[in-house]
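Notes for the structure review
Single-letter residue listing:
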Amino acid sequence: MSTNVELGGNERDAHVVEDICGYVTAAMPRSFFLFAGAGSGKTRTLVEVLRRITGVVEHQAGSEFAKRLRSRGQTVRVITYTKNATAVVSGRLGENHLTVVSTIHSFCWELIQGFDGDIRDALLALNADDLLEAKAAASAKKRGETDTDRKKYAKIEEKAVEISSITKFLYHPDKTTHGPGALSHTNVLEIAAWLINNRPTLRRILEDRHPLVLIDESQDTMKSVLDALLAVAEERPGRFHLGLLGDHRQRIYFDGHRDLPSHIPDAWAVPALKMNHRSQKRIVDLINAIWEVEMVGRTQPKTGFAQHPRKEKSGGIVRIFIGDANLTTESKVEKEMECAHIMAQITGQDAWSGADRGYKTLALEHKLAAKRGRFLDAYSAMQLLDKDAVNPKGNGERSGPGMVRPLLGSVLDLEECVDTVGRLDEFYSMEVLRQAATLANLPDEIAERRAALDKIDSAVAEFAMLTREPGSTVRDVMRPLLEADVFEVDARLLAAFNDDSAPPPAPVGRGNEDKEAKRRRGWCALFDTAWGEIGRYRQYLHGEAELATHQVVKGSEFPHVMVVMDDLEAKGSGFSYERVFGIEELSKSDLKNIEEGDETSVDRTLRLLYVTCSRAEESLALVLWSTSPEVAEKAILKTGWFERDEISMLA
């Protein structure tokens, strides 16, 4: 039974679980959108609702709902954004046969797997849409259609011929697949959306399996998938319902709806979690102010709710430091350490000054993290090889480009078995080789088997020494392993390693570059990269580096946080702290987007600032590297976000 009474203090959101149970179990159920801000207890709320509507916790309406599910062989589907989130929800929920928890990719593949003819139809339709869009874009240009445009049409048409010949499609939610019929993660989402929209049978299958689908982090769910599910819910009232959970203020990917609340139908329920259980009051006040700010260049509406801290969390410390962006990277790092020592004095917390570095540093852009983390060459090479897989992603995909495996996996695992002077721990190295199936295919004949083992042993020993040689490159270290076939590698890596040709020149300006030429430049750059950068790059992918980006820490929290803002080193065009603070003028694309009501770099940067600041529990330090520090100081004061004594200039 819904209370619809908002309580105060720490119990402000106590009614929300029961309200949602009421929407779901009513005679005429209602879909709902749960607004759940940073640190609001969204996962706890989701789990408590599931426990009630599946009969785990005594609940009259929930027990009846669970009985209906069992009698029809149905389950509640919970879609999460990452594999980690899936594990958290499943772990808290425990064994529950009426609930299926998975990532969006697993859900979509489960829905379409085996319907190869339909998948082919969807790919051909999407490919045809690409051709129409390419022709429309060309005709809209002043100079009209060019040879480059016609080449693009030809490639799209060639792709259609290739798709038509495929009879079996391959996909795995947890890894990249290769070869004819292999689908990417994005492919699977796009195909599922198209098929839900265009195949009534699939909509009936969805309804029959899962009459209720709950989507976590719905603000970052791909628009086409979310819209397809919204259409099913509208078409089948009383039989299929959605529950969307999330906070559009924390959207960090372009796939999701820009302003999700505006897409919620009027008939839906819109409960809200308004408490912030994570952060101290000063930090909650700051993130509320960031979202409410009126700013030139902002087009995103200020929909949502202000958050309230817990009564006992009445403190918290925030400081912003402003320095000259033209300093060297090394000088900036030193200054940031000084900021940390100042925070230690202000807060009295050793976490800011101890050798174990008890605070988390967050950055805006991957290149900034790569430069600060001393793996820029490795990062740049990987970006040329596969720009879609080079970065750690919030959905849990953090293994890097598939074509470089096992470099970022088994090879680095093997290096961890080597001490500082190149001695190999044979016990642990054998375990790495066993896990990689290196020893699974040895010859049966004893002499041949011994020869194969000797070859592997010699190669691994040489590899161990080379990893500790100053100046060793990726080519140097990988050579003995590749020559001895120690690990199974992607055919593209092996072909590139054996190719002695020089890399093609980089394109001038922003000219289009052939995909294979770009990839060849990437391979050459990777093999010439200093070996030590590869391990640091993997640490970054796994979120183990000192400096992380907002994508890696999405959903995470830390007692103490430092946010580094440096547009000059980030060199990104989609975000700009200088524009947010009025130091740099809006770009032409920003002005055009304002006219058309589209998202600007200011909108994107404000959201990322909101996300990074809201990770902090106790204290927060922001470091802005500006091309005009004095102007920045005045602009920051003008925002009203900080008191005068919370702003410090770095000499």
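Just so it is clear, the structure is predicted and the values come from calculations on it, not from any experiment. (Residues numbered from 1 in each chain as written. Predicted model: local features only at pLDDT ≥ 70, side-chain atom pairs only at ≥ 80, totals over all residues. Heavy atoms only, no water.)

Moving on, we come to the pattern of salt bridges. Taken as a whole and assessed by the stated rule, the structure comprises 42 salt bridges. One salt bridge connects E110 with R77, and the closest N-O pair in it is separated by 2.9 Å. With E110 in helix α5 (residues 104-112) and R77 in strand β2 (residues 76-80), this pair connects stretches of sequence that are 33 residues apart. Between E483 and R479 there is a salt bridge, with the nearest N and O atoms lying 3.5 Å from each other. Of this pair, E483 and R479 both sit in helix α18 (residues 474-483), 4 residues apart, which is roughly one turn of the helix. For R479, a relative accessible area of 29% translates into the label partly exposed. Each of K332, E336, R372, D566 and E569 takes part in a single network of salt bridges with overlapping partners. (Salt bridge = Lys/Arg side-chain N within 4 Å of Asp/Glu carboxyl O. Helix = DSSP H or I, 4+ residues; strand = E, 2+ residues; numbered from the N terminus. Buried < 20%, exposed > 50% of the residue type's maximum accessible area, 1.4 Å probe, protein only.)

Turning next to the pairing of strand β9 (residues 317-324). Counting buried residues in β9 gives 6 out of 8 residues, a clear majority hidden from the surface. Pairing analysis gives 8 bridges linking β9 to strand β13 (residues 616-626), with the strands arranged parallel. Bridge assignment links I317 to a residue of β13, and that residue is S619. Here β9 runs beside strand β14 (residues 647-649); their pairing, made up of 3 bridges, is parallel. For I322, the partnering residue across the bridge sits in β14 and is M649. (Pairing = 2+ DSSP bridges.)

What follows covers the sheet that holds strand β12 (residues 558-565). Taken in spatial order, the 6 strands make up an open sheet running β11-β10-β12-β13-β9-β14, and their pairing is parallel. Looking at strand neighbours, the two that pair on one side only are β11 (547-549) and β14, the edges of this open sheet. The average undirected angle you get between the axes of adjacent strands in this sheet is 25°. The sheet contacts of helix α11 (residues 281-292) involve β9 and β13, and relative to β13 the element is tilted by about 50°. (Axes fitted to C-alpha atoms, helices over the stretch in contact; angles between N-to-C directions. Contact = heavy atoms within 4.5 Å.)

For the rest of this paragraph, the subject is the sheet that holds strand β5 (residues 241-246). Pairing in this open sheet of 6 strands is parallel, and the strands run β3-β2-β4-β5-β1-β6 from one edge to the other. For this open sheet the edge positions go to β3 (99-103) and β6 (272-273), each flanked by a neighbour on one side alone. Two elements, strand β4 (residues 212-215) and β5, share 4 bridges in a ladder whose sense is parallel. Bridge pairing in β5 links L212 to H241. Relative to β3, helix α4 (residues 83-93) is tilted by about 160°, and along the sheet it contacts β2 and β3. Each of β4 and β5 touches helix α10 (residues 223-235); the most contacted strand, β5, lies at about 140° to it.

What follows covers the nonpolar core. One recurring pattern in soluble globular proteins: nonpolar side chains tend to sit buried together. Ranked by size, the top nonpolar core spans 63 residues in total, and within it M382, L407, W523, L526, W531, I534 and Y537 carry the most contacts. Residues within four places of M382 in sequence aside, it is in contact with K387, V390, P401, V404, L407, L408, L526 and Y537. Counting 44 residues, the second largest nonpolar core, distinct from the first, contains C108, W109, W268 and A272. (Core = buried A, V, L, I, M, F, W, Y, C linked by side-chain atoms within 4.5 Å.)

Attention now goes to the packing of aromatic side chains. The geometry of an aromatic ring pair is captured by the separation of the ring centres together with the interplanar angle, meaning the angle of the planes. Per the stated rule, a full pass over the model turns up 12 aromatic pairs. When the ring of W291 is compared with that of Y610, the centres are 6.3 Å apart and the planes differ by 65°; the resulting orientation is edge-to-face. In this pair, W291 sits in helix α11 while Y610 sits in helix α26 (residues 601-613), placing the two residues 319 residues apart along the sequence. Among the residues examined, Y610 registers a relative accessible area of 0% and is labelled buried. (Phe/Tyr/Trp six-rings, centres within 6.5 Å; stacked < 30°, edge-to-face > 60°.)

Right, let's get into a positive patch on the surface. The grouping of K151, K155, K159 and K515 at the surface amounts to a positive patch. For the positive patch, the element with the most residues is helix α7 (residues 147-164), which contributes 3 residues. Looking at the element boundaries, K159 is found in helix α7. For K159, a relative accessible area of 44% corresponds to the partly exposed category. (Patch = residues over 30% accessible without salt bridge, like charges linked within 9 Å, V, L, I, M, F, W, Y side chains within 5 Å. Areas by Shrake-Rupley, 256 points an atom, 1.4 Å probe, with all protein chains shown as cover. Lys, Arg positive; Asp, Glu negative; His and termini not counted. Charge placed at Lys NZ, Arg CZ, Asp CG, Glu CD.)

What follows is about the side chain of D247. Examined against the element boundaries, D247 turns out to sit in the loop between β5 and β6. Exposure remark for D247: the relative accessible area of 1% places this residue in the buried category. For D247, the side chain forms a polar contact with the main-chain nitrogen of R249, separated by 3.0 Å. Not counting residues within four places of it along the chain, the set of residues in contact with D247 comprises F35, A36, G37, A38, Q219 and Y610. (Polar contact = N/O pair within 3.5 Å; in protein donor to acceptor, adjacent residues only side chain to side chain.)

Our next topic: the environment of I20. Summarising the element assignment, I20 is placed in helix α1 (residues 16-25). For I20, a relative accessible area of 2% gives the class buried. Once residues lying within four places of it in the same chain are set aside, the contact partners of I20 are F32, L34, T45, V49 and P271.

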